[in-house]
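Take a look at the letters that make up each chain.
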Amino acid sequence: MRNKFNIFKPLVLLIFMINPVFSQSAKEILETALERSLALSNSYYKFLIESKVESLLFPMTGELFTKGEKYFIDTKAIDQIYDGENIFTIIHENQEIIVGNVDILLLSFTPNQIFNFFLENHMLNINSDSERHIIEAINRDDDNITYFISIDSSNYSIKKIEMKDLISGQIINSFLTLTYDYNLTVPLSLFKFDIKNYDNYILIQ
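For clarity, every value in this text was computed on a predicted model and none was experimentally measured. (Residues numbered from 1 in each chain as written. Predicted model: local features only at pLDDT ≥ 70, side-chain atom pairs only at ≥ 80, totals over all residues. Heavy atoms only, no water.)

Chemist: Could you give me a rundown of the overall build of the chain, with the residues and numbers involved?
Modeler: Scanning the chain for helices and strands turns up three helices and twelve strands. For the chain, the residues scored as buried account for 37% of the 205 residues in total. Considering only contacts in the chain between residues 6 or more positions apart, those separated by 24 or more positions represent 45%. Of the roughly 12500 Å² of accessible surface on the chain, a fraction of 53% belongs to carbon and sulfur atoms. (Helix = DSSP H or I, 4+ residues; strand = E, 2+ residues; numbered from the N terminus. Buried < 20%, exposed > 50% of the residue type's maximum accessible area, 1.4 Å probe, protein only. Contact = heavy atoms within 4.5 Å. Areas by Shrake-Rupley, 256 points an atom, 1.4 Å probe, with all protein chains shown as cover.)

Written out as structure tokens, the structure is:
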């Protein structure tokens, strides 16, 4: 009897240690993921975006570097830099550089943008296991569109986001993290725009 109790006691302790992780609400998990992403000195995502909507941009593979709210997105067709004040969208095919503020976004998938988007205008549900949190986000303005956000439960990084049309049951768009790393050493110039790097490009403000 004593042996059984000795086994049972650490098992109960383990359950109580694990339970707070699984009892977190979807909102709390998104807020924690946002806080952690902004706290990292530098983070890196290699990503793949696919879409059922016909577009010359997709599928798109690229790299995303972040430093707090600053970021640099590098893809074959479009690059984007946010230096903390302005967004510079570099369209290579047209050799154009569009200068805007944080309200003008063509590529809106940095952790800061993603988590705030879902926190502001979505009804949230959650299903967690030991490896990931799956958050279902239903748009308050269009309940036919639902997102499924997969977040790594160990480091709160984005693993995958799927946008689903509930009428057709089809996944319309998906964002997949191919590689993720953080606390890297990258040059500060990566998050600064320099027109000298873009010969013959037209600047549009």
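Chemist: Give a description of the nonpolar core that names residues and reports values.
Modeler: A general feature of soluble globular proteins is that nonpolar side chains tend to end up buried together. F47, F109, F115, F118, I151 and I161 are the most contacted members of the largest nonpolar core, which totals 33 residues. Of all the elements, helix α2 (residues 26-39) adds the most residues to this core, at five residues. Setting aside residues no more than four positions away along its own chain, I151 makes contact with I29, L30, A33, F115, E131, R132, H133, I135, Y156, S157 and K159. Of all hydrophobic cores here, the second largest spans 13 residues; its members include F65, I81, F88 and Y198. (Core = buried A, V, L, I, M, F, W, Y, C linked by side-chain atoms within 4.5 Å.)

Chemist: A description of the side chain of S174 should follow, citing residues and the corresponding values.
Modeler: If you trace the backbone, S174 turns up in strand β11 (residues 170-182). Once you skip the residues sitting within four places of it in the chain, S174 turns out to touch L48, I49, E50, I161 and E162.

Chemist: Give a description of unusual backbone geometry that names residues and reports values.
Modeler: In this structure, Q95 is a non-glycine residue whose phi angle is positive, near 50 degrees. For Q95, the position within the fold is in the loop between β5 (87-91) and β6 (96-100). A residue is classified by how much of its surface remains accessible, and Q95, at 35% relative accessible area, is partly exposed.

Chemist: Now, about the environment of F118: what can you tell me, with residues and values included?
Modeler: Checked against the element boundaries, F118 lands in helix α3 (residues 111-121). A residue is classified by how much of its surface remains accessible, and F118, at 3% relative accessible area, is buried. Sequence separation of F118 and N139 is 21 residues, and the distance between their C-alpha atoms is 8.3 Å. If we skip the residues at most four places from it in the chain, F118 touches L30, L124, A137, Y147, I149 and I161.

Chemist: An account of the packing of aromatic side chains is needed here, citing residue identities and associated values.
Modeler: The full count for this structure, using the stated rule, is twelve aromatic pairs. On the numbers, 5.8 Å between centres and 40 degrees between planes, the contact of Y71 with Y82 is tilted. A residue pair is termed long-range when its members are at least 10 positions apart, and Y71 in strand β3 (residues 70-75) and Y82 in strand β4 (residues 78-82) qualify at eleven residues. By the burial criterion, Y71 is buried, and Y82 matches it. Ring centres of F117 and Y147 lie 5.8 Å apart, and the angle between their planes is 90 degrees; this geometry places the pair in the edge-to-face category. Residue F117 is found in helix α3, and its partner Y147 is found in strand β9 (residues 145-152); the two are separated by 30 residues along the sequence. (Phe/Tyr/Trp six-rings, centres within 6.5 Å; stacked < 30°, edge-to-face > 60°.)

Chemist: Before we move on, could you go through the environment of N116 and cite the residues and values that matter?
Modeler: Residue position: N116 is located in helix α3. In the structure, N116 is positioned 82 residues away from L34 in sequence and 8.0 Å away in space, judged by C-alpha atoms.

Chemist: So what about the pattern of salt bridges? Which residues, and what values?
Modeler: Side chains carrying opposite charge are able to pair once their charged atoms draw close together. Taken as a whole and judged by the stated rule, the model has two salt bridges. In this structure, K160 engages E162 in a salt bridge whose closest nitrogen and oxygen atoms are separated by 3.2 Å. Owing to a relative accessible area of 23%, E162 belongs among the partly exposed residues under this scheme. (Salt bridge = Lys/Arg side-chain N within 4 Å of Asp/Glu carboxyl O.)

Chemist: Explain empty space enclosed by the protein to me, using residue names and the numbers behind them.
Modeler: Taken as a whole and judged by the stated rule, the model has two cavities of 30 Å³ or more. Every residue along the wall of the largest cavity is listed here: S37, L38, T66, G68, E69, K70, Y71, T110, P111 and N112. Taken together, the residues of the lining of the largest cavity break down into three nonpolar, five polar and two charged. (1 Å grid on protein atoms, 1.4 Å probe; cavity = no way out; pocket = protein on both sides within 12 Å on 5 of 7 lines; lining within 4 Å. Points joined across faces, edges and corners; volume = space filled by probe spheres on them. Nonpolar A, V, L, I, M, F, W, Y, C, P; charged D, E, K, R; others polar.)

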